[in-house]
Amino acid sequence: MRKKVILICSECLARNYTTTKKEEDRDTRIELKKFCPRCNKYTIHKESK
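A brief structural summary. (Residues numbered from 1 in each chain as written. Predicted model: local features only at pLDDT ≥ 70, side-chain atom pairs only at ≥ 80, totals over all residues. Heavy atoms only, no water.)

## Looking at unusual backbone geometry
Defined as follows: Three labels apply to residues, based on accessible area from a 1.4 Å probe with only protein chains included: buried if under 20% of the type maximum, exposed if over 50%, partly exposed otherwise in between. Going along the chain from the N terminus, every DSSP run of H or I of four or more residues is numbered as a helix, and every run of E of two or more is numbered as a strand.
Phi at L13 is positive, roughly 60°, even though this residue is not glycine. The exposed category is assigned to L13, whose relative accessible area is 59%. In this structure, N40 is a non-glycine residue whose phi angle is positive, near 65°. With respect to the element layout, N40 can be found in the loop between strand 3 (31-36) and strand 4 (41-47). What makes N40 exposed here is its relative accessible area of 58%.

## Section: the layout of surface pockets
If a probe the size of a water molecule is rolled over the atoms, the empty space left behind becomes visible. To keep things clear, this is the line we draw: A cavity, in this analysis, means grid points on a 1 Å lattice covering only the protein atoms where a 1.4 Å probe fits yet has no way out; a pocket is instead an open set bounded by protein on both sides within 12 Å along at least five of seven lines, and a residue lines either one if it has an atom within 4 Å of a point. Grid points are joined across faces, edges and corners, and a volume is the space filled by probe spheres set on the points. Gly is put with the polar residues, along with every residue not named as nonpolar or charged; the nonpolar set is Ala, Val, Leu, Ile, Met, Phe, Trp, Tyr, Cys and Pro, and the charged set is Asp, Glu, Lys and Arg.
Considered as a void within the structure, the largest pocket measures approximately 150 Å³ in volume. For the lining of the largest pocket, the secondary-structure elements that each account for two or more residues are strand 1 (2-9) and strand 4. Here the lining of the largest pocket is composed, by residue class, of three nonpolar, two polar and four charged.

## Comments concerning the pattern of salt bridges
This is how it is decided: Note on definitions: salt bridges are taken to be side-chain nitrogens of Lys or Arg within 4 Å of carboxyl oxygens of Asp or Glu.
The final tally for this structure, using the stated rule, is two salt bridges. The salt bridge involving K41 is made with E11; its shortest N-O contact spans 3.2 Å. Placement of K41 in strand 4 and of E11 in the loop between strand 1 and strand 2 (15-22) is noted, with a sequence separation of 30 residues between them. Across the salt bridge formed by E47 and K21, the nearest N and O atoms sit 3.0 Å from each other. Remark: K21 occurs in strand 2 and E47 occurs in strand 4; sequence separation between them is 26 residues. Take E47: its relative accessible area is 10%, and that puts it in the buried class.

Listed below in C-alpha cells is the structure:
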C-alpha cells in the first residue's frame, strides 16, 4: 500500500508537488530537488507533516 504525501519548497514554503511513498517508510522523510514555479529555480522540496 502506498501513501500520498505533499512536497513543500524549503525556501518559499509553497506546496507544489504530490507523490506517493511506501507505507513501510513512514519514519523517513522524502527530500527531492525539484523546480519551484514560485521561486523560478530548482530548490529542495521536503515532505510535509
